[in-house]
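Spelled out, the chains give:
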Amino acid sequence: MSYFDAASSAPLHPVARQALLASLDEGWADPSRLYREGRRARMLLDAAREAAAEAVGCRPDELTFTSSGTRAVHSGIAGAMGGRRRIGRHLIVSAVEHSSVLHSAELFEVTEVPVDRTGAVSARSYVDALRPDTALACLQSANHEVGTVQPVAEVAAACREAGVPLLVDAAQSLGWGPVEGEWSLLTASAHKWGGPSGVGLLAVRKGVRFAPQGPADERESGRAPGFENLPAIVAAAASLRAVRAEAAQEAARLRELTARIRSRVPRLVPDVDVVGDPERRLPGIVTFSCLYVDGETLLHELDRAGFSVSSGSSCTSSTLTPSHVLKAMGVLSEGNVRVSLPFGAVSEEVDRFLEVLPAAVAAVRDKLGAPTPSAVAHEDSLVVDALGKRCPIPVIELAKVIGDVPVGGTVRVLSDDEAARLDIPAWCEMREQEYVGEEPADRGCAYVVRRIS
(Lines give C-alpha, C1' and ligand atoms only; values in the text may rest on other atoms or scores of the structure.)
Protein backbone atom coordinates (compact mmCIF):
# COMPACT_ATOMS: atom_id res chain seq x y z
CA MET A 1 0.00 0.00 0.00
CA SER A 2 1.36 3.42 -0.96
CA TYR A 3 0.45 6.15 1.52
CA PHE A 4 0.01 9.45 -0.35
CA ASP A 5 -1.86 11.49 2.29
CA ALA A 6 0.95 13.04 4.32
CA ALA A 7 -0.78 16.44 4.34
CA SER A 8 -3.46 14.92 6.57
CA SER A 9 -1.02 13.14 8.84
CA ALA A 10 2.57 12.13 8.14
CA PRO A 11 3.85 8.70 9.14
CA LEU A 12 5.67 8.69 12.48
CA HIS A 13 9.31 9.60 11.90
CA PRO A 14 11.85 7.01 13.18
CA VAL A 15 13.47 9.68 15.37
CA ALA A 16 10.07 10.47 16.90
CA ARG A 17 9.55 6.82 17.73
CA GLN A 18 12.98 6.55 19.39
CA ALA A 19 12.50 9.76 21.38
CA LEU A 20 9.00 8.74 22.44
CA LEU A 21 10.10 5.39 23.78
CA ALA A 22 13.10 6.84 25.57
CA SER A 23 11.14 9.65 27.22
CA LEU A 24 8.46 7.24 28.45
CA ASP A 25 11.11 5.94 30.84
CA GLU A 26 12.66 9.31 31.72
CA GLY A 27 9.89 11.88 31.38
CA TRP A 28 6.93 10.54 33.30
CA ALA A 29 7.24 12.78 36.38
CA ASP A 30 5.77 16.24 36.99
CA PRO A 31 8.23 18.79 35.54
CA SER A 32 7.07 21.41 38.04
CA ARG A 33 8.36 19.38 41.02
CA LEU A 34 11.77 19.94 42.58
CA TYR A 35 12.75 16.37 43.36
CA ARG A 36 15.08 14.40 41.10
CA GLU A 37 12.47 12.84 38.82
CA GLY A 38 10.75 16.20 38.41
CA ARG A 39 14.04 17.93 37.60
CA ARG A 40 14.80 15.28 34.99
CA ALA A 41 11.41 15.81 33.40
CA ARG A 42 11.92 19.59 33.46
CA MET A 43 15.27 19.20 31.68
CA LEU A 44 13.59 17.17 28.91
CA LEU A 45 10.80 19.74 28.58
CA ASP A 46 13.21 22.66 28.44
CA ALA A 47 15.39 20.92 25.86
CA ALA A 48 12.35 20.16 23.71
CA ARG A 49 11.20 23.78 23.95
CA GLU A 50 14.62 25.09 22.93
CA ALA A 51 14.77 22.72 19.94
CA ALA A 52 11.27 23.61 18.77
CA ALA A 53 11.85 27.33 19.26
CA GLU A 54 15.01 27.17 17.18
CA ALA A 55 13.06 25.50 14.36
CA VAL A 56 10.24 28.04 14.59
CA GLY A 57 12.60 31.01 14.83
CA CYS A 58 11.48 32.40 18.17
CA ARG A 59 12.68 32.54 21.78
CA PRO A 60 12.02 29.50 23.98
CA ASP A 61 9.94 31.58 26.37
CA GLU A 62 7.74 32.64 23.44
CA LEU A 63 6.72 29.05 22.64
CA THR A 64 3.96 27.02 24.25
CA PHE A 65 3.13 23.35 23.75
CA THR A 66 -0.58 22.63 23.35
CA SER A 67 -2.66 19.47 23.05
CA SER A 68 -3.10 19.83 19.26
CA GLY A 69 -2.65 22.19 16.36
CA THR A 70 -6.34 23.04 16.48
CA ARG A 71 -6.05 23.93 20.17
CA ALA A 72 -3.06 26.12 19.34
CA VAL A 73 -5.14 27.99 16.74
CA HIS A 74 -8.13 28.39 19.05
CA SER A 75 -5.97 29.56 21.96
CA GLY A 76 -3.89 31.85 19.75
CA ILE A 77 -6.86 33.63 18.18
CA ALA A 78 -8.80 33.89 21.44
CA GLY A 79 -5.78 35.16 23.36
CA ALA A 80 -4.78 37.71 20.74
CA MET A 81 -8.33 39.00 20.38
CA GLY A 82 -8.68 39.14 24.16
CA GLY A 83 -5.45 41.08 24.52
CA ARG A 84 -6.61 43.66 21.96
CA ARG A 85 -10.29 43.83 22.92
CA ARG A 86 -10.02 47.61 23.39
CA ILE A 87 -9.05 47.94 19.72
CA GLY A 88 -12.10 46.06 18.49
CA ARG A 89 -13.47 42.67 17.50
CA HIS A 90 -12.65 42.73 13.80
CA LEU A 91 -10.64 39.78 12.47
CA ILE A 92 -9.22 39.24 8.96
CA VAL A 93 -8.78 35.75 7.51
CA SER A 94 -8.23 34.35 4.04
CA ALA A 95 -11.05 32.40 2.42
CA VAL A 96 -8.91 29.25 2.28
CA GLU A 97 -7.80 28.99 5.92
CA HIS A 98 -7.98 25.70 7.79
CA SER A 99 -11.38 25.05 9.37
CA SER A 100 -9.90 25.58 12.85
CA VAL A 101 -9.20 29.22 11.95
CA LEU A 102 -12.57 29.75 10.28
CA HIS A 103 -14.47 28.24 13.21
CA SER A 104 -12.60 30.48 15.65
CA ALA A 105 -13.34 33.50 13.46
CA GLU A 106 -17.08 32.86 13.76
CA LEU A 107 -16.93 34.28 17.31
CA PHE A 108 -15.89 37.71 16.01
CA GLU A 109 -16.65 40.18 13.26
CA VAL A 110 -14.74 38.73 10.36
CA THR A 111 -13.63 39.77 6.87
CA GLU A 112 -12.69 36.95 4.49
CA VAL A 113 -10.03 37.93 1.97
CA PRO A 114 -10.56 36.27 -1.45
CA VAL A 115 -7.97 34.23 -3.33
CA ASP A 116 -7.15 33.90 -7.01
CA ARG A 117 -7.64 30.73 -9.04
CA THR A 118 -4.34 29.30 -7.72
CA GLY A 119 -5.47 29.70 -4.11
CA ALA A 120 -3.16 32.64 -3.26
CA VAL A 121 -4.04 35.90 -1.55
CA SER A 122 -2.50 39.27 -2.29
CA ALA A 123 -0.96 41.56 0.31
CA ARG A 124 -3.02 44.38 -1.19
CA SER A 125 -6.24 42.59 -0.28
CA TYR A 126 -5.18 42.43 3.37
CA VAL A 127 -4.36 46.14 3.34
CA ASP A 128 -7.78 46.88 1.87
CA ALA A 129 -9.45 44.79 4.60
CA LEU A 130 -7.75 46.61 7.50
CA ARG A 131 -9.96 48.81 9.64
CA PRO A 132 -9.43 50.95 12.76
CA ASP A 133 -11.05 48.20 14.84
CA THR A 134 -9.02 45.34 13.34
CA ALA A 135 -7.53 43.40 16.26
CA LEU A 136 -5.91 40.48 14.40
CA ALA A 137 -5.19 39.08 10.95
CA CYS A 138 -4.68 35.38 10.14
CA LEU A 139 -2.96 33.76 7.16
CA GLN A 140 -1.80 30.21 6.57
CA SER A 141 1.78 29.78 5.38
CA ALA A 142 0.68 27.24 2.76
CA ASN A 143 -2.64 25.71 1.82
CA HIS A 144 -3.47 22.25 3.11
CA GLU A 145 -5.57 21.18 0.09
CA VAL A 146 -3.70 22.47 -2.95
CA GLY A 147 -0.21 23.26 -1.58
CA THR A 148 -0.11 26.92 -2.65
CA VAL A 149 2.40 28.96 -0.59
CA GLN A 150 1.05 32.29 0.64
CA PRO A 151 2.93 35.65 0.61
CA VAL A 152 3.29 35.71 4.40
CA ALA A 153 6.25 38.12 4.52
CA GLU A 154 4.44 40.75 2.44
CA VAL A 155 1.21 40.43 4.43
CA ALA A 156 3.13 40.52 7.73
CA ALA A 157 4.89 43.72 6.68
CA ALA A 158 1.59 45.36 5.74
CA CYS A 159 -0.02 44.32 9.03
CA ARG A 160 2.96 45.47 11.09
CA GLU A 161 2.85 48.89 9.41
CA ALA A 162 -0.80 49.14 10.43
CA GLY A 163 -0.05 47.97 13.98
CA VAL A 164 -2.07 44.75 13.58
CA PRO A 165 -0.57 41.40 14.68
CA LEU A 166 -0.55 38.53 12.18
CA LEU A 167 -1.19 34.93 13.23
CA VAL A 168 0.31 32.37 10.84
CA ASP A 169 -0.98 28.81 10.68
CA ALA A 170 2.23 27.00 9.71
CA ALA A 171 0.94 23.44 10.14
CA GLN A 172 1.73 22.38 6.56
CA SER A 173 5.03 24.19 6.07
CA LEU A 174 6.97 24.16 9.34
CA GLY A 175 8.62 20.84 8.61
CA TRP A 176 10.11 22.35 5.45
CA GLY A 177 11.55 25.49 7.02
CA PRO A 178 10.87 28.55 9.17
CA VAL A 179 8.16 31.00 8.17
CA GLU A 180 9.59 34.19 6.73
CA GLY A 181 8.45 37.66 7.69
CA GLU A 182 7.68 39.54 10.88
CA TRP A 183 4.72 37.48 12.04
CA SER A 184 3.37 37.97 15.56
CA LEU A 185 1.86 34.59 16.39
CA LEU A 186 2.42 31.15 14.87
CA THR A 187 0.74 27.77 15.26
CA ALA A 188 1.69 24.29 14.09
CA SER A 189 0.87 20.61 14.62
CA ALA A 190 3.42 17.85 15.19
CA HIS A 191 1.66 15.06 13.30
CA LYS A 192 2.01 17.06 10.09
CA TRP A 193 5.82 16.64 10.08
CA GLY A 194 6.06 13.09 11.43
CA GLY A 195 5.75 13.75 15.14
CA PRO A 196 3.12 12.10 17.32
CA SER A 197 -0.45 13.34 17.30
CA GLY A 198 -1.67 15.38 20.25
CA VAL A 199 1.08 18.02 20.22
CA GLY A 200 0.66 21.54 18.91
CA LEU A 201 2.86 24.64 19.00
CA LEU A 202 1.81 28.19 19.79
CA ALA A 203 4.42 30.94 19.50
CA VAL A 204 3.59 34.45 20.71
CA ARG A 205 6.23 37.11 20.10
CA LYS A 206 7.26 39.37 22.94
CA GLY A 207 5.38 42.64 22.77
CA VAL A 208 2.19 41.09 21.37
CA ARG A 209 -0.76 41.80 23.63
CA PHE A 210 -2.09 38.40 24.64
CA ALA A 211 -4.71 37.50 27.25
CA PRO A 212 -5.29 33.74 27.69
CA GLN A 213 -9.00 32.95 27.81
CA GLY A 214 -10.71 30.51 30.12
CA PRO A 215 -9.79 29.39 33.65
CA ALA A 216 -6.28 30.28 34.78
CA ASP A 217 -3.61 27.57 34.92
CA GLU A 218 0.00 27.77 36.03
CA ARG A 219 1.38 25.48 33.31
CA GLU A 220 2.79 26.62 29.94
CA SER A 221 2.59 30.31 30.94
CA GLY A 222 -1.14 29.92 31.46
CA ARG A 223 -1.69 29.41 27.71
CA ALA A 224 -2.19 25.62 27.68
CA PRO A 225 -3.86 24.25 30.81
CA GLY A 226 -3.30 20.69 31.95
CA PHE A 227 -0.42 18.29 32.54
CA GLU A 228 2.11 18.28 29.70
CA ASN A 229 2.32 15.15 27.54
CA LEU A 230 6.07 15.17 27.94
CA PRO A 231 6.99 12.01 25.96
CA ALA A 232 4.99 13.25 22.96
CA ILE A 233 6.45 16.76 23.27
CA VAL A 234 9.99 15.39 23.29
CA ALA A 235 9.23 13.21 20.28
CA ALA A 236 7.66 16.15 18.43
CA ALA A 237 10.69 18.39 18.97
CA ALA A 238 13.15 15.64 18.06
CA SER A 239 11.32 14.78 14.84
CA LEU A 240 11.03 18.45 13.85
CA ARG A 241 14.78 18.83 14.16
CA ALA A 242 15.29 15.60 12.19
CA VAL A 243 13.02 16.50 9.27
CA ARG A 244 14.54 19.95 9.07
CA ALA A 245 17.99 18.39 8.66
CA GLU A 246 16.65 16.42 5.67
CA ALA A 247 14.32 19.10 4.30
CA ALA A 248 16.43 20.68 1.56
CA GLN A 249 17.43 17.41 -0.07
CA GLU A 250 14.00 15.84 0.36
CA ALA A 251 12.22 18.93 -1.00
CA ALA A 252 14.21 18.80 -4.23
CA ARG A 253 13.42 15.11 -4.66
CA LEU A 254 9.69 15.43 -3.93
CA ARG A 255 9.37 18.47 -6.20
CA GLU A 256 10.60 16.34 -9.08
CA LEU A 257 8.04 13.65 -8.28
CA THR A 258 5.11 16.06 -7.96
CA ALA A 259 6.19 17.85 -11.13
CA ARG A 260 6.02 14.47 -12.86
CA ILE A 261 2.45 14.01 -11.65
CA ARG A 262 1.46 17.56 -12.62
CA SER A 263 2.79 17.18 -16.15
CA ARG A 264 1.69 13.62 -16.90
CA VAL A 265 -1.81 13.45 -15.41
CA PRO A 266 -3.37 15.82 -18.01
CA ARG A 267 -1.77 13.75 -20.79
CA LEU A 268 -2.90 10.43 -19.34
CA VAL A 269 -6.44 11.39 -18.30
CA PRO A 270 -8.73 13.58 -20.45
CA ASP A 271 -10.70 16.44 -18.91
CA VAL A 272 -8.43 17.02 -15.92
CA ASP A 273 -7.52 20.34 -14.32
CA VAL A 274 -4.36 20.51 -12.17
CA VAL A 275 -5.04 23.15 -9.51
CA GLY A 276 -2.89 25.29 -7.24
CA ASP A 277 0.10 27.49 -8.01
CA PRO A 278 2.52 25.66 -10.34
CA GLU A 279 5.61 27.29 -8.78
CA ARG A 280 4.91 28.72 -5.30
CA ARG A 281 3.88 25.46 -3.69
CA LEU A 282 4.89 22.94 -1.06
CA PRO A 283 7.24 20.21 -2.33
CA GLY A 284 5.05 17.15 -1.79
CA ILE A 285 1.48 18.22 -2.66
CA VAL A 286 -0.20 18.04 -6.07
CA THR A 287 -3.94 18.34 -6.58
CA PHE A 288 -6.07 17.78 -9.66
CA SER A 289 -9.78 17.70 -10.50
CA CYS A 290 -11.33 15.20 -12.89
CA LEU A 291 -14.49 16.09 -14.75
CA TYR A 292 -17.43 13.64 -14.62
CA VAL A 293 -16.03 11.83 -11.58
CA ASP A 294 -17.42 11.35 -8.10
CA GLY A 295 -14.55 11.95 -5.68
CA GLU A 296 -15.51 9.34 -3.11
CA THR A 297 -15.91 6.63 -5.73
CA LEU A 298 -12.54 7.51 -7.28
CA LEU A 299 -10.83 7.35 -3.89
CA HIS A 300 -12.28 3.87 -3.36
CA GLU A 301 -10.99 2.78 -6.77
CA LEU A 302 -7.50 4.06 -5.96
CA ASP A 303 -7.64 2.44 -2.52
CA ARG A 304 -8.38 -0.91 -4.14
CA ALA A 305 -5.39 -0.31 -6.41
CA GLY A 306 -3.17 0.22 -3.36
CA PHE A 307 -3.03 4.01 -2.99
CA SER A 308 -4.16 6.13 -0.05
CA VAL A 309 -5.01 9.62 -1.29
CA SER A 310 -7.48 12.26 -0.17
CA SER A 311 -9.97 14.59 -1.79
CA GLY A 312 -11.42 18.03 -1.26
CA SER A 313 -14.60 16.82 -2.91
CA SER A 314 -17.88 17.46 -1.15
CA CYS A 315 -18.75 13.78 -0.92
CA THR A 316 -15.76 12.99 1.27
CA SER A 317 -16.75 15.63 3.80
CA SER A 318 -18.83 14.88 6.86
CA THR A 319 -20.93 17.95 6.06
CA LEU A 320 -21.63 16.93 2.44
CA THR A 321 -20.82 20.45 1.24
CA PRO A 322 -18.16 21.51 -1.28
CA SER A 323 -14.65 22.15 -0.03
CA HIS A 324 -14.44 25.79 1.01
CA VAL A 325 -10.92 25.95 -0.45
CA LEU A 326 -11.95 24.74 -3.91
CA LYS A 327 -15.05 26.91 -3.76
CA ALA A 328 -12.99 30.02 -2.99
CA MET A 329 -10.63 29.20 -5.86
CA GLY A 330 -13.51 28.68 -8.29
CA VAL A 331 -12.33 25.24 -9.42
CA LEU A 332 -14.16 21.94 -9.73
CA SER A 333 -15.13 20.45 -6.37
CA GLU A 334 -16.03 16.96 -7.60
CA GLY A 335 -13.47 14.39 -8.69
CA ASN A 336 -10.76 16.19 -6.75
CA VAL A 337 -7.66 14.20 -5.80
CA ARG A 338 -4.89 15.42 -3.50
CA VAL A 339 -1.64 13.50 -3.61
CA SER A 340 0.64 14.47 -0.72
CA LEU A 341 3.87 12.52 -0.71
CA PRO A 342 5.51 11.66 2.61
CA PHE A 343 9.23 11.89 3.31
CA GLY A 344 10.86 8.89 1.65
CA ALA A 345 8.26 8.38 -1.11
CA VAL A 346 9.96 6.65 -4.01
CA SER A 347 9.81 7.18 -7.74
CA GLU A 348 8.52 3.68 -8.44
CA GLU A 349 5.41 4.31 -6.31
CA VAL A 350 4.65 7.50 -8.25
CA ASP A 351 5.09 5.75 -11.58
CA ARG A 352 2.73 2.97 -10.49
CA PHE A 353 0.17 5.58 -9.42
CA LEU A 354 0.34 7.14 -12.87
CA GLU A 355 -0.17 3.69 -14.39
CA VAL A 356 -3.33 2.86 -12.45
CA LEU A 357 -4.93 6.34 -12.42
CA PRO A 358 -6.30 6.36 -16.02
CA ALA A 359 -8.09 3.04 -15.56
CA ALA A 360 -9.48 4.13 -12.17
CA VAL A 361 -10.89 7.36 -13.61
CA ALA A 362 -12.29 5.56 -16.66
CA ALA A 363 -14.02 3.00 -14.42
CA VAL A 364 -15.71 5.69 -12.36
CA ARG A 365 -16.77 7.65 -15.42
CA ASP A 366 -18.23 4.50 -16.94
CA LYS A 367 -20.26 3.82 -13.78
CA LEU A 368 -21.61 7.38 -13.75
CA GLY A 369 -22.39 7.48 -17.47
CA ALA A 370 -19.88 10.14 -18.52
CA PRO A 371 -20.70 11.88 -21.83
CA THR A 372 -19.68 10.76 -25.28
CA PRO A 373 -19.62 13.08 -28.35
CA SER A 374 -23.11 13.81 -29.69
CA ALA A 375 -24.40 15.26 -32.92
CA VAL A 376 -25.36 18.92 -33.09
CA ALA A 377 -29.10 19.61 -33.21
CA HIS A 378 -30.85 22.87 -33.98
CA GLU A 379 -32.57 23.74 -30.70
CA ASP A 380 -31.47 27.15 -29.45
CA SER A 381 -32.19 26.25 -25.84
CA LEU A 382 -32.40 23.04 -23.81
CA VAL A 383 -33.37 22.32 -20.22
CA VAL A 384 -31.65 19.58 -18.21
CA ASP A 385 -33.62 18.38 -15.19
CA ALA A 386 -31.03 17.22 -12.64
CA LEU A 387 -33.17 17.87 -9.56
CA GLY A 388 -32.56 15.35 -6.82
CA LYS A 389 -29.26 14.26 -8.36
CA ARG A 390 -25.93 14.92 -6.66
CA CYS A 391 -22.89 16.28 -8.44
CA PRO A 392 -21.18 15.31 -10.66
CA ILE A 393 -24.42 14.05 -12.30
CA PRO A 394 -25.70 17.59 -13.16
CA VAL A 395 -22.36 18.35 -14.84
CA ILE A 396 -22.40 15.03 -16.68
CA GLU A 397 -25.92 15.71 -17.98
CA LEU A 398 -24.84 19.20 -19.09
CA ALA A 399 -21.86 17.81 -20.97
CA LYS A 400 -24.05 15.25 -22.73
CA VAL A 401 -26.31 17.89 -24.30
CA ILE A 402 -24.08 20.93 -24.83
CA GLY A 403 -23.37 19.68 -28.34
CA ASP A 404 -27.10 19.49 -29.07
CA VAL A 405 -27.46 23.26 -29.18
CA PRO A 406 -25.86 25.47 -31.85
CA VAL A 407 -23.07 27.88 -31.02
CA GLY A 408 -24.76 30.74 -29.18
CA GLY A 409 -27.50 28.48 -27.84
CA THR A 410 -28.06 27.89 -24.14
CA VAL A 411 -28.56 25.01 -21.75
CA ARG A 412 -30.39 25.47 -18.45
CA VAL A 413 -29.46 22.94 -15.80
CA LEU A 414 -31.98 22.54 -12.98
CA SER A 415 -30.23 21.39 -9.81
CA ASP A 416 -30.82 21.51 -6.06
CA ASP A 417 -27.29 20.33 -5.13
CA GLU A 418 -25.21 23.12 -3.64
CA ALA A 419 -22.07 21.78 -5.34
CA ALA A 420 -23.57 22.60 -8.75
CA ARG A 421 -23.18 26.32 -8.00
CA LEU A 422 -19.41 25.74 -8.04
CA ASP A 423 -19.00 22.83 -10.43
CA ILE A 424 -21.00 24.12 -13.40
CA PRO A 425 -19.02 27.42 -13.66
CA ALA A 426 -15.80 25.43 -13.18
CA TRP A 427 -16.85 23.06 -15.98
CA CYS A 428 -17.46 26.07 -18.24
CA GLU A 429 -13.97 27.38 -17.44
CA MET A 430 -12.37 24.03 -18.28
CA ARG A 431 -14.40 23.42 -21.47
CA GLU A 432 -14.30 27.03 -22.71
CA GLN A 433 -18.05 27.58 -22.58
CA GLU A 434 -19.78 30.70 -21.22
CA TYR A 435 -21.41 30.56 -17.80
CA VAL A 436 -24.25 33.06 -18.00
CA GLY A 437 -25.41 32.80 -14.39
CA GLU A 438 -28.17 31.31 -12.28
CA GLU A 439 -31.89 31.95 -12.36
CA PRO A 440 -34.56 31.23 -9.73
CA ALA A 441 -36.52 28.00 -10.12
CA ASP A 442 -39.39 26.30 -8.31
CA ARG A 443 -36.80 23.97 -6.76
CA GLY A 444 -33.10 24.67 -6.56
CA CYS A 445 -31.66 26.91 -9.27
CA ALA A 446 -31.41 27.02 -13.04
CA TYR A 447 -27.79 27.33 -14.10
CA VAL A 448 -27.53 28.84 -17.59
CA VAL A 449 -24.66 27.93 -19.94
CA ARG A 450 -24.12 29.33 -23.43
CA ARG A 451 -22.25 27.28 -26.02
CA ILE A 452 -19.44 29.30 -27.56
CA SER A 453 -17.29 26.53 -29.09
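- In the nomenclature of an unreviewed UniProt entry, the protein chain is known as Cysteine desulfurase/sulfurtransferase TusA family protein of Streptomyces pseudovenezuelae.
- As recorded by UniProt, the Cofactor (unreviewed entry) comment attached to the protein chain reads in full: "pyridoxal 5'-phosphate".

**Thoughts on the sheet that holds strand β6 (residues 166-169)**
And step 1. In spatial order, the strands read β2-β8-β7-β6-β5-β3-β4; together these seven strands make up an open sheet with mixed pairing. Across the chains shown, the open sheet's two edge strands, defined by having one partner strand only, are β2 (63-66) and β4 (109-113). Taking the axes of each pair of neighbouring strands and ignoring which way they run, one obtains an average angle of 20 degrees across the sheet.
And step 2. Across three bridges, strand β3 (residues 90-94) lies against strand β5 (residues 134-140) in parallel orientation. Bridged to histidine 90 within β5 is threonine 134.
And step 3. Across the sheet, helix α3 (residues 69-83) lies against β2, β3, β5, β6, β7 (185-189) and β8 (200-204), angled at about 165 degrees from β7, the strand it touches most.
And step 4. Here helix α6 (residues 152-161) sits on the sheet in contact with β5 and β6, set at roughly 160 degrees to β6.

**Remarks on the UniProt feature "domain: UPF0033" (unreviewed entry) in the protein chain**
And step 1. The UniProt feature table records "domain: UPF0033" (unreviewed entry) at residues 384-408.
And step 2. Span residues 384-408 is 36% helix and 8% strand, its end C-alpha atoms 17 Å apart.

**Thoughts on the environment of leucine 21**
And step 1. Within the secondary structure, leucine 21 is located in helix α1 (residues 14-26).
And step 2. The spacing of leucine 21 and leucine 291 is 270 residues in sequence and 47 Å in space, taken between C-alpha atoms.

**A word on the pattern of salt bridges**
Once their charged atoms are close, side chains differing in charge can pair, the charge on each being opposite to the other.
And step 1. Inspection of the entire model under this criterion finds 26 salt bridges.
And step 2. Linked by salt bridges that have partners in common, Glu256, Arg260, Arg264 and Asp351 make up one network.

**Some details on the sheet that holds strand β13 (residues 381-385)**
And step 1. One open sheet holds the four strands; their spatial order is β13-β14-β16-β15, and the pairing between them is mixed. Across the chains shown, the open sheet's two edge strands, defined by having one partner strand only, are β13 and β15 (434-440). Each strand of the sheet is rotated relative to its neighbour by a mean of 20 degrees, with strand direction disregarded.
And step 2. Sheet topology places β13 next to strand β14 (residues 410-415); five bridges connect them, and they run parallel. When the sheet's bridge partners are listed, valine 383 is paired in β14 with arginine 412.
And step 3. Of the strands in this sheet, β13, β14 and β16 (445-450) touch helix α11 (residues 393-401), which is tilted by about 160 degrees from β14.
And step 4. Together, β14, β15 and β16 form the strand contacts of helix α12 (residues 420-431), whose direction differs from that of β16 by roughly 5 degrees.

**Regarding the packing of α1 against helix α7 (residues 230-268)**
And step 1. Between α1 and α7, the least distance of the axes is 8 Å, while the angle of their chain directions is 150 degrees. If you check the angle between α1 and α7, you find them roughly antiparallel. Relative to α7, the crossing made by α1 is right-handed. Here α1 contributes Val15, Ala16, Ala19, Leu20, Ser23 and Leu24 to the contact with α7, which in turn contributes Pro231, Ala232, Val234, Ala235, Ala238, Ser239 and Ala242.
And step 2. Partitioning the contact of α1 with α7 into residue classes produces eleven nonpolar, two polar and no charged.

**With respect to the layout of surface pockets**
And step 1. Its volume calculated, the second largest pocket comes out at about 480 Å³.
And step 2. Put simply, the parts of the chain that give the lining of the second largest pocket at least two residues each are α6 and α7.
And step 3. For the lining of the second largest pocket, the per-class residue count stands at twelve nonpolar, four polar and six charged.

**Concerning the packing of aromatic side chains**
And step 1. Applying the stated criterion across every chain, the model contains four aromatic pairs.
And step 2. Judged by centre distance (5.6 Å) and plane angle (45 degrees), the ring pair of phenylalanine 4 and phenylalanine 307 falls under tilted. Of the two residues, phenylalanine 4 is situated in the loop between β1 (2-3) and α1 and phenylalanine 307 in strand β11 (residues 307-308); the sequence distance between them amounts to 303 residues.
And step 3. A relative accessible area of 0% means that phenylalanine 4 is categorised as buried.
And step 4. Looking at phenylalanine 307, the relative accessible area reads 1%, which means it is buried.
And step 5. With a centroid separation of 6.0 Å and 70 degrees between ring planes, the pair formed by phenylalanine 4 and phenylalanine 353 is classed as edge-to-face.

**What about the state of the cysteines?**
And step 1. According to the stated counting rule, one finds zero disulfides in the structure shown.
And step 2. Of all cysteine sulfurs, the one in cysteine 138 lies closest to cysteine 159, which takes part in no disulfide; the gap is 9.5 Å.

**Re α11**
And step 1. Burial within α11 is extensive, with seven of its nine residues counted as buried.
And step 2. Buried within α11 are the following residues: Ile393, Pro394, Val395, Ile396, Leu398, Ala399 and Val401.
And step 3. At its buried positions, α11 is contacted by α10 (347-368), β13, β14, α12 and β16.

Here is what the cut-offs are and how they apply
- Residues numbered from 1 in each chain as written.
- Predicted model: local features only at pLDDT ≥ 70, side-chain atom pairs only at ≥ 80, totals over all residues.
- Heavy atoms only, no water.
- UniProt positions renumbered as here; feature names shortened; annotations may be inferred.
- Pairing = 2+ DSSP bridges.
- Helix = DSSP H or I, 4+ residues; strand = E, 2+ residues; numbered from the N terminus.
- Axes fitted to C-alpha atoms, helices over the stretch in contact; angles between N-to-C directions.
- Contact = heavy atoms within 4.5 Å.
- Salt bridge = Lys/Arg side-chain N within 4 Å of Asp/Glu carboxyl O.
- Parallel < 35°, antiparallel > 145°, perpendicular 65-115°, else oblique.
- Left-handed = near helix turned anticlockwise from the far one by under 90°.
- Nonpolar A, V, L, I, M, F, W, Y, C, P; charged D, E, K, R; others polar.
- 1 Å grid on protein atoms, 1.4 Å probe; cavity = no way out; pocket = protein on both sides within 12 Å on 5 of 7 lines; lining within 4 Å.
- Points joined across faces, edges and corners; volume = space filled by probe spheres on them.
- Phe/Tyr/Trp six-rings, centres within 6.5 Å; stacked < 30°, edge-to-face > 60°.
- Buried < 20%, exposed > 50% of the residue type's maximum accessible area, 1.4 Å probe, protein only.
- Disulfide = S-S within 2.5 Å.

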